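Residue-level structure breakdown
Below, each chain spelled out in residue letters.
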Amino acid sequence: MTRRDRTPVEWVVLVCLAFAPAAGTAQVTASGTAAVTLVEHQVDIGYGVEESRGLLFGAEGAVDLGSRLALTIRAAGGSLSGEATGVEDRNVGEAGLQLSVALAHWLAFQGAVTSRTYTTAIARQRWTSVAIGAETGLDFATSPVRGVLRGSLLPVVSVSGLPRPDVALTTAVGIEYRGGSVTGALYYGLERYDFPNVGAGRRLEQVSTLTVRFTVQRGARRPPRSSQ
Amino acid sequence: MRHLSLGLTLVVAASQVASAQTETGDLLHQAEQLYEQLAIERAVTLLRQIVSTSWPHEITKEQQVEAYTYLGASLALIGVRDSALLYFRGAIERDPFTDLDPERFTPAQLTLFQQARHLTFAVAARPVVGARVDPRTQRATFTIVTTHPASVRVELRPVEVNTAIVLFNGVNDGMREVPWDGLLPDGRLAPAGRFELAVVGQSQLIGRSDSARVYFTVTHETPPLEDTLPELTPAQLLPERRQASAGRGDLLKGLVVAVGALVVSNVAPNAHFGRGTQALAIAVGGAASISGVTAFLRARHLRDLPANIAENSRRRAARASANASIARRNAEKVAQTVLVIAPAAGVGP
């Protein structure tokens, strides 16, 4: 990641970290999250599957707006590298904003806007997407554990130099463990993008993730909603 | 039509009674004017007509007492002492509160009237006058009378409670005002209901006794009281013991998450990429399965839910505290209760 790319991500991280305590002191339910994500990125542009892996480090800040609305802002950054010959190392920077509406304690609708940038030594590709989906939570009755299932469609995906994908979706499954005001979580996530064939072969992309998250919550007790 | 005729009958009857009382009143007024003009014999003639048993018109007790009094006074003026004494006693017997105005009657009449009082023994209590009494600062007052010195006991009795409140017990001569603070002997506020004021007297001059009763009602005027909070229902309390089914439910939830992770890793990816990332889903699925199994096993052994027990205790304590506050506020309101006293039907001898 170049110096010029890192700056906005750092700004978002700083805003996230500053946001949670400020809200907490105002007696608003707020949370701050640190996350480490193992990323497997797979791309096939017609010449075979190109895989790269790496770790992304992220931060989130979330605040409840009333009893049903929650706003989450997040950022992550890291690098991906491939083992195969010819696979270029890439830096990844990502920032996003998510609005969640709780319909019941076990169901919420979510809308998110995400901007992601892949940067190599010679090029930079920007992804911008809008996701609409739902999340269901399964609270354990006997222990402070919660299972989470989430799915979203991405009706808007804009990728520099590429057409709009035919199929764009994200999904995630995870389990959260709460202890006091700290919540630990493990999530499996998957993003799938199938681009249309424009003559030079069909481009397929897929991002699989395993994320470990730690969330600190202040204010009234409410299960934290991740944007992972 | 029947209603109309009944109404007319009542109106006619009422007008006849009023007319009869007016006849008596007119004659009484005429007799008093003759008395003032010192036409005593003519006045006596009219007054005797009024008190005669053959007097055909309606006569009230007050008119009767007035006639007897003026008869006594008239006869006293013309020196017929025994008859005067007799009529004065007649007036006193009918209304022990009867008295002569020293500015309107002569000393001889007053002396004779006093003799009549000594020869006649009666006690009476004035009908209770409606009043609002704040027991903290005010007193209700009852007026009693004895015609001459007597041992008197004045008691107040709630009709529905077997308690007597002694307001006065001693020697009395003439009229007396007896105060009441609105409390029972044990200091509690008098209950709402019907009360009897009983006056019992024993003459100290002629060895006779007499009694009188009047009735009144007491109602409480209290600011509206707050209701206390009801008992917490089961729906308002958390389960304090874990049910065996909860463990099974958690096991199921853990397995749902585990299966969900595997399904997502199999269904959502593009088949072109194969199942290379399934290991990540297995990691999450394994964690969820372990969580579900652990919850299931724990639920089999740990039955009590300390957090819920503590929360329920907190809710019960909050309710008790709220009720204590309500009870305190209600007690303050009860302390502000005002007694509303109103005359009631029924009089005693």
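Let me sum up the structure you'll find in this document. This is a predicted model, so every value here is computed, not measured. (Residues numbered from 1 in each chain as written. Chains lettered and ligands numbered in written order. Predicted model: local features only at pLDDT ≥ 70, side-chain atom pairs only at ≥ 80, totals over all residues.)

**Observations concerning the overall build of chain B**
The line we're drawing: The way it works is that DSSP assigns letters per residue, a run of H or I at least four long becomes a helix, a run of E at least two long becomes a strand, and they are numbered from the N terminus. Residue burial here comes from a neighbour count, namely the number of other C-beta atoms, placed from the backbone, that lie within 10 Å of the residue's own C-beta, with 20 or more meaning buried, 12 or fewer meaning exposed, and in between meaning partly exposed. Throughout, a residue-residue contact means that the two C-beta atoms, derived from backbone geometry, are no farther apart than 7 Å.
Along the backbone of chain B there are eight helices and seven strands. Across the 349 residues that make up chain B, the buried fraction comes to 27%. Within chain B, contacts between residues at least 6 apart in sequence are counted, and of these 71% link residues at least 24 apart.

**Notes on the pairing of strand β5 (residues 107-119) of chain A**
Residues and elements named next belong to chain A. Inclusion rule: Note on pairing: two strands pair once DSSP finds at least 2 bridges between them.
Of the strand pairs in this sheet, strand β4 (residues 90-104) and β5 are connected by 13 bridges, and their pairing is antiparallel. Residue L97 lies in a different strand from β5, and its bridge partner there is V113. Joining the antiparallel neighbours β4 and β5 is a turn of two residues. The sheet contact formed by β5 and strand β6 (residues 124-139) spans 13 bridges and is antiparallel. Paired with Q110 across the bridge in β6 is G133. Counted along the chain from β5 to the antiparallel partner β6, the turn is four residues long.

**With respect to the sheet that holds β5 of chain A**
What counts is decided by this rule: For helices, the fitted axis covers only the stretch in contact; all axes are lines through C-alpha atoms, and the angles between them, taken along N-to-C directions, range from 0 to 180 degrees.
Strand order in the closed barrel formed by 10 strands is β1-β2-β3-β4-β5-β6-β7-β8-β9-β10 (chain A), and the pairing between neighbours is antiparallel. Taken pair by pair, the neighbouring strands of this sheet meet at an average axis angle of 20°, ignoring direction. In the sheet, strand β3 (residues 69-81) of chain A pairs with β4 of chain A via 12 bridges, with the strands oriented antiparallel. Following the sheet pairing, S79 of chain A is matched in β4 of chain A by N91 of chain A. Across the sheet, helix α7 (residues 278-301) of chain B lies against β7 (145-159), β8 (167-179), β9 (182-194) and β10 (204-218) of chain A, angled at about 145° from β9 of chain A, the strand it touches most.

**Regarding the environment of G174 of chain B**
Residue and element names in this part refer to chain B. Mapping G174 onto the fold places it in strand β4 (residues 165-180). Taking the C-alpha atoms as reference points, G174 and R117, separated by 57 residues in sequence, lie 9.6 Å from one another. When sequence neighbours within four positions are dropped, the list of residues in contact with G174 reads V145 and T146.

**Focus on the interface of chain A and chain B**
What counts is decided by this rule: In the scheme used here, Gly and all other residues not listed as nonpolar or charged are polar, with Ala, Val, Leu, Ile, Met, Phe, Trp, Tyr, Cys and Pro taken as nonpolar and Asp, Glu, Lys and Arg as charged.
Listed by partner, the interface residues are 27 residues for chain A and 29 residues for chain B. Looking at the side of chain A that touches chain B, the elements that each hand over two or more residues are β1 (30-44), β7, β8, β9 and β10 of chain A. Broken down by element, the side of chain A that touches chain B gets its largest block of residues, six residues, from β9 of chain A. Broken down by class, the residue content of the side of chain A that touches chain B amounts to 15 nonpolar, eight polar and four charged.

**Regarding the packing of helix α3 (residues 61-77) of chain B against helix α5 (residues 107-119) of chain B**
For any two helices packed against each other, one specifies the inter-axial angle together with the distance between the axes. All names here are of chain B. Basically, it comes down to this: The cut-offs work like this: below 35 degrees is roughly parallel, past 145 is roughly antiparallel, 65 to 115 is roughly perpendicular, and the gaps in between are oblique. By definition, any crossing whose near helix is turned counterclockwise from its far helix by less than a right angle is left-handed, and any crossing with a clockwise turn is right-handed.
For the pair α3 and α5, the least separation of the axes is 9 Å and the interaxial angle reads 125°. The angle between α3 and α5 places the two elements in the oblique class. Helix-helix and strand crossings are classified by hand; for α3 and α5 the assignment is right-handed. Along its contact with α3, which presents G72, A73 and A76, the element α5 presents A108, Q109, L112 and F113. A per-class count over the contact of α3 with α5 returns five nonpolar, two polar and no charged.

**Observations regarding helix α6 (residues 244-267) of chain B**
This is how the line gets drawn: Here the expected length of a helix is defined as 1.5 Å per residue gap, with one fewer gap than residues.
The first and last C-alpha atoms of α6 of chain B sit 34 Å apart over 24 residues, in line with the 34 Å expected at 1.5 Å per residue. Looking at α6 of chain B, one finds that the buried residues are G247, D250, L251, K253, G254, V257, A258, G260, A261, V264 and S265 of chain B.

**Comments concerning α7 of chain B**
In this model, α7 of chain B (24 residues) spans 35 Å end to end at C-alpha, consistent with the 34 Å of a helix rising 1.5 Å per residue. Those residues of α7 of chain B lying buried are L280, A281, V284, G285, A287, A288, S291, G292, A295, F296 and A299 of chain B. If you follow the buried residues of α7 of chain B, they end up packed against β7, β8, β9 and β10 of chain A together with α6 of chain B.

**Regarding the environment of T143 of chain B**
Residues and elements named next belong to chain B. Here T143 is to be found in strand β3 (residues 140-158). Judged by C-beta crowding, with 16 C-beta atoms within 10 Å, T143 ranks as partly exposed. For T143 and M175, which are 32 residues apart along the polypeptide, the C-alpha to C-alpha distance reads 7.0 Å. Those residues in contact with T143 that sit more than four places away from it in its chain are A125, R126, M175 and E177.

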